[in-house]
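# Architecture at a glance
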Amino acid sequence: MSQANSRSFTIRVPATSANIGPGFDVVGLSLTLHLTVTVTLAPPSASDPARPPRISYSGEGADEVPLDAYKNLTTRVALYVLRCHGISKFPGNLTIHCANEIPFGRGLGSSGAAVIAGVLLGSELGQLNLPVERMLDFALMVERHPDNVTAALVGGFVGSYLRELDAAATEAASVPLSEVLPEYPPDAGEEWGMDPPQPPLGIGHYVRFGWSQSIKALAIIPRFELSTAKARSVLPQEYSRKDLVFNLQRLAVLTTALARTPPDPELIYEAMKDRVHQPYRKTLIPGLPEVTNNITPATHPGLLGICLSGAGPTILALATGGFEAIAEDARAIFQTHGIEVDWKILEIAGGSVVEPHP
Ligand SMILES: Nc1ncnc2c1ncn2[C@@H]1O[C@H](COP(=O)(O)OP(=O)(O)OP(=O)(O)O)[C@@H](O)[C@H]1O
Ligand SMILES: N[C@@H](CCO)C(=O)O
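Calculation criteria
Sequence order as written defines residue numbering, which begins from 1 separately in each chain. Going through the entries in the order they are written, you letter the chains from A and number the ligands from 1. Two thresholds apply to this predicted model, a pLDDT of at least 70 for residue-level local features and 80 or more for giving and counting side-chain atom pairs, whereas whole-chain, interface and lining totals are computed over all residues. Only hydrogens and water are removed before side-chain values are computed, so all heavy atoms of the structure are retained for them. Each domain's limits were defined by an automated method or a database of domain assignments. Contacts are assigned to residue pairs that have any heavy atoms within 4.5 Å of one another. The term buried area means the drop in 1.4 Å probe accessible area that two parts suffer when joined, counted for both and summed. A carboxyl oxygen of Asp or Glu within 4 Å of a side-chain nitrogen of Lys or Arg is what we treat as a salt bridge. Only DSSP runs of H or I with at least four residues qualify as helices, and only runs of E with at least two residues qualify as strands; both kinds are numbered from the N terminus onward. Gly is placed with the polar residues, together with every amino acid not listed as nonpolar (Ala, Val, Leu, Ile, Met, Phe, Trp, Tyr, Cys and Pro) or charged (Asp, Glu, Lys and Arg). Of the two site types, the cavity is a set of points on a 1 Å grid over the protein atoms alone where a 1.4 Å probe fits but cannot get out, and the pocket is an open set with protein on both sides within 12 Å along at least five of seven lines, each lined by residues with an atom within 4 Å of a point. Grid points are joined across faces, edges and corners, and a volume is the space filled by probe spheres set on the points. Residue count minus one, scaled by 1.5 Å, sets the expected span of a helix. The rule is simple: take the accessible area with a 1.4 Å probe, protein chains only, and divide by the maximum for that residue type; under 20% is buried, over 50% is exposed, in between is partly exposed. Only C-alpha atoms enter the line fits that serve as axes; for helices the fit covers just the stretch in contact. Angles between N-to-C directions range over 0 to 180 degrees. For classification purposes, an angle smaller than 35 degrees is called roughly parallel, one larger than 145 roughly antiparallel, one from 65 to 115 roughly perpendicular, and anything else oblique. Helix crossings are classified by the rotation of the near helix relative to the far one: an anticlockwise turn of less than a right angle makes the crossing left-handed, while a clockwise turn makes it right-handed.

## Some details on the domain arrangement of the protein chain
Annotation of the protein chain at the domain level lists domain 1 (7-205) and domain 2 (210-346). Each of domain 1 and domain 2 was reduced to a C-alpha centroid, and the two centroids are 28 Å apart. Facing the 24 residues of domain 1 at the interface are 38 residues of domain 2. Here domain 1 meets domain 2 over a buried area of about 2,200 Å², counting both sides, of which 66% is carbon and sulfur. When the area that domain 1 buries against domain 2 is broken down by residue, the three leading residues are P22, R106 and F157, summing to 29%. Between domain 1 and domain 2 we count one salt bridge in total. Its salt-bridge partner being D25, residue R232 comes within 2.8 Å of it at the nearest N-O pair. Elements with a minimum of two residues in the side of domain 1 that touches domain 2: strand 1 (7-19) and strand 2 (23-41). Per-class residue counts for the side of domain 1 that touches domain 2 are 13 nonpolar, eight polar and three charged.

Below, the structure is given as structure tokens:
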């Protein structure tokens, strides 16, 4: 990489809501909250050519996010992308500021956004010009369900699947995260011993569904964090045919129903029900079944459907109006469980962008 000139650019990645009820690990929706990463790359200084990147952070998560480039998710992912292209270190004199609107651990795709920002950062720093499909491969080596990262990268209402890999590619894609993203720099004067695990080609595939412009997303955000790992640990390994068919039927209807104008509340409310993840997660999110069962299109005109956003605890209500009544009634239910919430009306966002500064 040429480091002769200074350059700076901004990466903007949207929040995402995964699952939308029945589409567990399949569908994602990009939303208008953003992680914005401003990057400045100056020529290495003569006095300290190897200085580590300087990271600063504002907004959501600022009090808990690591600012060490070998611990921060975004910079670790960027370094992984660089190492896979024969660049073993961050460039010297790299300064990064993250301004984040996406709350951590709430089911709004904060980690997916951090991973996509990292892939874009690596691609830009290495001037790699990676195509979208290859960027997705890198993201899927880190976050192994495609719903959030795909929607964050390409934007919109998106469905995705992971290609079935042959034995060698399965092994390449199944290495532990610690090997993909080591948390420490190599010792002084040394390089990392082993080549980083390269992502197999074409792991993820996606399609963008239509979306009726009349539909907005209301995010009702409880004031506590729930890690995706914990919310996945309560899910069973096996499901009954009845429950799988229940979800498949609804997902097939939902992906088209949300594209129709005017949207049909009766069809959508039922199509956003789920039996694969929400019933098991209610133990971690007190009030979840009451909110999804008691707030309906009949009681709340304007509501289309209501579900857990991603792994939770945020509730996603899709609606054409009546947002305040939906949010305040959800708030009242959560309050009976001692949980406070915030709420936001969001639009569907475009995909991630990298903007060079003039
Ligand atoms: N901008 C960021 N920079 C660095 N690390 C981040 C950033 N955003 C999220 N993370 C890391 O990801 C963790 C949250 O990830 P997790 O998968 O548990 O929840 P989520 O992505 O917010 O929710 P979901 O996957 O259900 O939508 C944070 O605790 C933090 O470690
Ligand atoms: N599909 C994922 C999204 C959270 O990242 C889940 O529900 O666990």
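## Some details on the layout of surface pockets
Here the idea is plain: a probe the size of a water molecule rolls over the atoms and shows the empty space left. Roughly 730 Å³ of volume is contained in the largest pocket. Considering the residues around the largest pocket, the lining is formed by 41 residues, among which F104, G105, S110, S111 and T228 are closest to the centre. Going through the elements one at a time, strand 1, strand 2, helix 1 (73-83), strand 4 (94-100), helix 2 (110-125), helix 4 (146-154) and helix 7 (228-233) are the ones with two or more residues in the lining of the largest pocket. For the lining of the largest pocket, the leading source of residues is helix 2, giving four residues.

## Focus on helix 2
Here helix 2 contains 16 residues, and its C-alpha end-to-end distance of 22 Å stays within 8% of the 22 Å for a straight helix at 1.5 Å per residue. A large share of helix 2 lies buried, amounting to 14 of its 16 residues.

## Examining the packing of helix 1 against helix 2
The N-to-C vectors of helix 1 and helix 2 enclose an angle of 40°; their axes lie 7 Å apart at closest approach. Considered as vectors, helix 1 and helix 2 are oriented oblique to each other. Considering the relative orientation of helix 1 and helix 2, their crossing is right-handed. Where helix 1 approaches helix 2, its residues L73, T74, T75, V77, A78, V81 and L82 are matched on the opposing element by S111, A114, V115, A117, G118, V119, L121, G122, S123 and L125. Looking at the contact of helix 1 with helix 2, its residues break down into 11 nonpolar, six polar and no charged.

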